Amino acid sequence: MHFAILVFPGTNCERDTLHVVQDVLGETGALVWHEAIDLSPFDAVIVPGGFAHGDYLRTGAVARFSPVMDSVAEFAANGKLVLGICNGFQILCEAGLLPGALRRNYTSHFICRDSYLRVESNRNPFLHLTNVGDVLRMPVRHGEGCYTVDDDTLADMERNNQVVLRYVNRRGELDDASNPNGSVSNIAGVCNERGNVFGLMPHPEAASEAILGSADGLRIFAGMTRELDPTRARTADLNPTMVL
Ligand SMILES: NC(=O)CC[C@H](N)C(=O)O
C-alpha cells in the first residue's frame, strides 16, 4: 500500500509519519510537495502536522489553496482514504473536506502534552481495529486545536457516527480538565459523512512505537492498511518491539 504524505512550506511531521508508514508498518510512502497535482500512484493520503505557511492568517487558511488540495478533494470524492493529523486536520477543515473549524486554544497558549482519547465510533476505516470505549494515549502539540462546530451540524455528526474521538481522562471519563484546548463536546477527531476522510488533533505518528511510550497511534495506520488489504498489517504481526 502506497501512502502520499503531503508537504507544505512549514510542515514538520512528514518524516516521522513516513517513518511509521515504512519502518513500523512495512508499507511504502512518498513525500509529496504541495504543488503536485497527480495523486494517482497512491492508495491513501496523509496530511501531516506542522506549521504550513507559518500559521499566518489562520492555521491551514493558506494551505487549502495549494494545487494539491484540488487533487485531495477529488481523491476523497472517489472514496479513497485521507487522514489529517493536527495541522492536516486544520487544513482539511479549511478545505471543507471535514465539518467544523479549529480555533485558538481557549487558554491562548500552545500546548504540548499527552492526551487520552476515547473511541466514540469505530465504524470507519481508520478506527475499525479498536473497540468503542477504548482509551488511546497520544500527544497533542498545537496552538489552534479548539474544535468548533454549530449545534445542528454537531447533532447530524453524532447521528452519523462522525464524532470519532473525544478527550477523556486516563480512566476514560469525560471532564473539562482533560479537554486540553476547549473543544466543543471534548471532540478530538471527526470524520466526514462517508467515513473516508478523518482528522484528529493528537499525533498518532508520535505514538506508534513502544520506545515513544505508546503504540496506540499505530492502530489508526494499521486500520487504514487493513481496510485496503485485509491480508495486511495485523497489529499482532507487527514487530513486537514496536508495539506495547
Ligand atoms: N503540531 C501541529 O501540527 C501544530 C498545528 C498548528 N501549527 C497549531 O499550532 O495549531
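Look up: the structure comes first, before these words.
A brief report on the enclosed structure follows.

### Some remarks on the site of the ligand
Next up, step 1: Surveying the vicinity of the ligand reveals the residues Gly-49, Gly-50, Phe-51, Asp-55, Thr-59, Cys-86, Asn-87, Arg-141, His-142, Gly-143, Glu-144 and Gly-145.
Next up, step 2: Among the residues forming the shell around the ligand, the class breakdown is two nonpolar, seven polar and three charged.

### Some thoughts on unusual backbone geometry
Next up, step 1: The backbone of His-53 sits at a positive phi, close to 55°, despite the residue not being glycine.
Next up, step 2: Tracing the sequence through the fold places His-53 in the loop between β3 (44–47) and α2 (67–77).
Next up, step 3: Among the residues examined, His-53 registers 20 C-beta atoms within 10 Å and is labelled buried.

### A few points about the sheet that holds strand β7 (residues 135–142)
Consider a sheet: its strands pair through backbone hydrogen bonds, and that pairing is either parallel or antiparallel.
Next up, step 1: The strand order β2-β1-β3-β4-β11-β10-β9-β6-β7 describes an open sheet built from nine strands, whose pairing is mixed. Sheet topology places β2 (28–33) and β7 at the edges, where each strand pairs with a single neighbour. Adjacent strand axes in the sheet meet at a mean angle of 25°, parallel and antiparallel pairs treated alike.
Next up, step 2: Summarising the sheet, strand β1 (residues 2–7) and β2 pair through six bridges and their orientation is parallel. Within β2, the residue paired with Phe-3 across the bridge is Gly-29.
Next up, step 3: Along the sheet face, helix α3 (residues 87–94) touches β3, β4 (81–85) and β11 (197–200) and points at about 120° away from the line of β4.

What counts as what
Residues numbered from 1 in each chain as written. Predicted model: local features only at pLDDT ≥ 70, side-chain atom pairs only at ≥ 80, totals over all residues. Near = placed C-beta within 6 Å. Nonpolar A, V, L, I, M, F, W, Y, C, P; charged D, E, K, R; others polar. Helix = DSSP H or I, 4+ residues; strand = E, 2+ residues; numbered from the N terminus. Buried ≥ 20, exposed ≤ 12 C-beta atoms within 10 Å, placed from the backbone. Pairing = 2+ DSSP bridges. Axes fitted to C-alpha atoms, helices over the stretch in contact; angles between N-to-C directions. Contact = placed C-beta atoms within 7 Å.

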